[in-house]
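Spelled out from the first residue to the last, the chains are:
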Amino acid sequence: MKIGFIGAGKMAQALARGLINSGRITADNIIASSPKRDEFLLEQCKSMGLNTTHENAEVVQKSDVIFLAVKPVHVSKVASEIAPALSKEHLVVSIALGITIRNIESLLPTKSRVVRVMPNTPSVVRAGASAFAMGSACRDGDAETVERLLSTVGFAVEVPEIHIDPVTGLSGSGPSYMFAVIEGLADGGVKVGLPRDLALKLAAYTLLGAAKMVLETGVHPAQLKDDVQSPAGSSVYGMHKLESGGLKGILMDAVEAATNRSRATG
Ligand code: NAD
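These notes cover the structure that comes with them. Small disclaimer: the values here were computed from a predicted structure and weren't measured. (Residues numbered from 1 in each chain as written. Predicted model: local features only at pLDDT ≥ 70, side-chain atom pairs only at ≥ 80, totals over all residues. Heavy atoms only, no water.)

1. Side note on the overall build of the protein chain
So, point 1. When you go through the protein chain residue by residue, the secondary structure sums to 12 helices and 8 strands.
So, point 2. Taken along the three principal axes of its C-alpha coordinates, the protein chain extends 70 × 35 × 30 Å.
So, point 3. Per-residue burial over the protein chain gives 39% buried out of 266 residues.
So, point 4. For the protein chain, the proportion of contacts with a sequence separation of at least 24, taken over those separated by at least 6, is 62%.
So, point 5. Each charge class in the protein chain was averaged separately, 27 positive and 26 negative side chains, and the resulting centres sit 3 Å apart. (Helix = DSSP H or I, 4+ residues; strand = E, 2+ residues; numbered from the N terminus. Buried < 20%, exposed > 50% of the residue type's maximum accessible area, 1.4 Å probe, protein only. Contact = heavy atoms within 4.5 Å. Lys, Arg positive; Asp, Glu negative; His and termini not counted. Charge placed at Lys NZ, Arg CZ, Asp CG, Glu CD.)

Dropping the structure here:
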C-alpha cells in the first residue's frame, strides 16, 4: 500500500514515523507534499527516507491512501487541487480539525471515499488516541485499513461523525489539560521542597502510571482511587482539597467547552 501526506508538518511526520517504525509500510512507499515556503519540512521528511514533492496532485497519483494533514483553513484549496487526480480507488483521510465529511465530499468528485480523523499530539510519541468516522462512499474494509494505519501511533477507534466534536473536547484537547495538571503537580512538589526537575518527572510518571493502571487492570478509576486512600491518610487529605476546588466538575466543564468550540468552528 502506498501512503501520501498532503502537508508535511507535525502530524504528518508523526504518522509517517509510526507507520515506518511499525514495519507495516516502508519509507519509500510514502510521499509527502508541502509548498516551497516550507521546504525545511520536506527536508525533515527526506531525512526519514520519504519521497517528497511540491505538487499535491503528485501525492494523489502516487498513493492509495491520502492523508489531508494541512491546517483547516487550507483544506478547500488543497481539495480543489487534488480533485482532478482523484479516483474511486483512493481513500482520502482528513485530520483537519472541524472540517466535516460532507464538507470534504462536496469539494471532491462524487463518491469519493472520505474518512475524518481526530488525532491528538501524543501520536508523536506513539501514545496517541484517535477517533475516526467513515464517509458515505467508503467500502467494506476501509475502516480496518484506517484503524491499522492509525494504530501505529496509538489507540484508534471508529465512531459516528456526531462524536468527533466530543472527541475533540476530550482526547483532542485533553493533552493540553493534562500538561497543565503535570505543571500544577510539579509546582506543588516544588512548593513543598522538591527540586523542579525531579518534581516534573514524578508528576509525569504519576499520570502515566495512573493511566496505565486504568487501561491495564480494567478497574474503575473510582475503585482505584479508593484503594490508595487509607483512613485519615495523606491521599484523602489531598483529595478533599481537589474536590473542594471542584476538580471533576471543572474537567467536565473543560470537555464541554472545547466540544462546543469545536462544534462552532465546524
Ligand atoms: P503543521 O502546521 O505542523 O503542518 C501543516 C502542513 O501543511 C505544513 O507542512 C504546511 O507546509 C502544509 N501546507 C500548508 N498549505 C499547504 C498546501 N496548500 N498544500 C500542501 N501543504 C500545505 O500542522 P499539524 O499540527 O501537523 O496539523 C495538521 C492538521 O492536523 C490540522 O488540520 C490540525 O487541525 C490537525 N490536528 C492537529 C493536532 C495537533 O495536535 N497538532 C491534533 C488534531 C488534529
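2. Considering the environment of H74
So, point 1. For H74, the location among the structural elements is in the loop between β4 (65-68) and α4 (75-82).
So, point 2. C-alpha separation for the pair H74 and K10, spaced 64 residues apart in sequence, amounts to 16 Å.

3. Comments concerning the side chain of T145
So, point 1. Residue position: T145 is located in helix α6 (residues 142-150).
So, point 2. Of note is the side chain of T145, whose polar atom sits 3.0 Å from the backbone oxygen of G141.
So, point 3. Setting aside chain neighbours within four positions, we find T145 in contact with M1, V65 and L91. (Polar contact = N/O pair within 3.5 Å; in protein donor to acceptor, adjacent residues only side chain to side chain.)

4. Quick word on the site of the ligand
So, point 1. Around the ligand lies a shell of 26 residues, among which M11, S34, D38, V70 and T121 are the nearest.
So, point 2. Protein coverage of the free-state accessible area of the ligand, which is 840 Å², stands at 88%.
So, point 3. Judged by its atoms lying within 2 Å of the grid points, the ligand is housed in the second largest pocket.
So, point 4. Listing elements by their share of the shell around the ligand, those giving two or more residues are α1 (10-22) and α4.
So, point 5. Among the residues forming the shell around the ligand, the class breakdown is 14 nonpolar, 7 polar and 5 charged. (Near = heavy atom within 4 Å. Areas by Shrake-Rupley, 256 points an atom, 1.4 Å probe, with all protein chains shown as cover. 1 Å grid on protein atoms, 1.4 Å probe; cavity = no way out; pocket = protein on both sides within 12 Å on 5 of 7 lines; lining within 4 Å. Sits in = over half its atoms within 2 Å of the grid points. Nonpolar A, V, L, I, M, F, W, Y, C, P; charged D, E, K, R; others polar.)

5. Topic: unusual backbone geometry
So, point 1. Despite not being glycine, K111 shows a phi value in the positive range, around 70 degrees.
So, point 2. Mapped onto the elements of the fold, K111 is located in the loop between α5 (101-107) and β6 (113-118).
So, point 3. The backbone phi angle of A232 is positive, close to 60 degrees, even though this residue is not glycine.
So, point 4. Counting through the fold element by element, A232 comes out in the loop between α10 (221-227) and α11 (234-244).
So, point 5. You can call A232 exposed: its relative accessible area is 66%.

6. Concerning the pattern of salt bridges
So, point 1. Scanning all chains against the criterion turns up 10 salt bridges.
So, point 2. One salt bridge connects E43 with K46, and the closest N-O pair in it is separated by 3.5 Å. With a gap of 3 residues between them, E43 and K46 both fall in helix α2 (residues 39-47), about one helical turn apart.
So, point 3. On the accessibility criterion, K46 (40% relative accessible area) is partly exposed.
So, point 4. Across the pair E161 and R116 runs a salt bridge, and its minimum N-O distance is 2.9 Å. In this pair, E161 is assigned in the loop between β8 (154-158) and α7 (164-172) and R116 in strand β6, connecting sequence segments 45 residues apart.
So, point 5. Owing to a relative accessible area of 4%, R116 belongs among the buried residues under this scheme. (Salt bridge = Lys/Arg side-chain N within 4 Å of Asp/Glu carboxyl O.)

Purely geometric stuff here, so don't read any function into it on its own.
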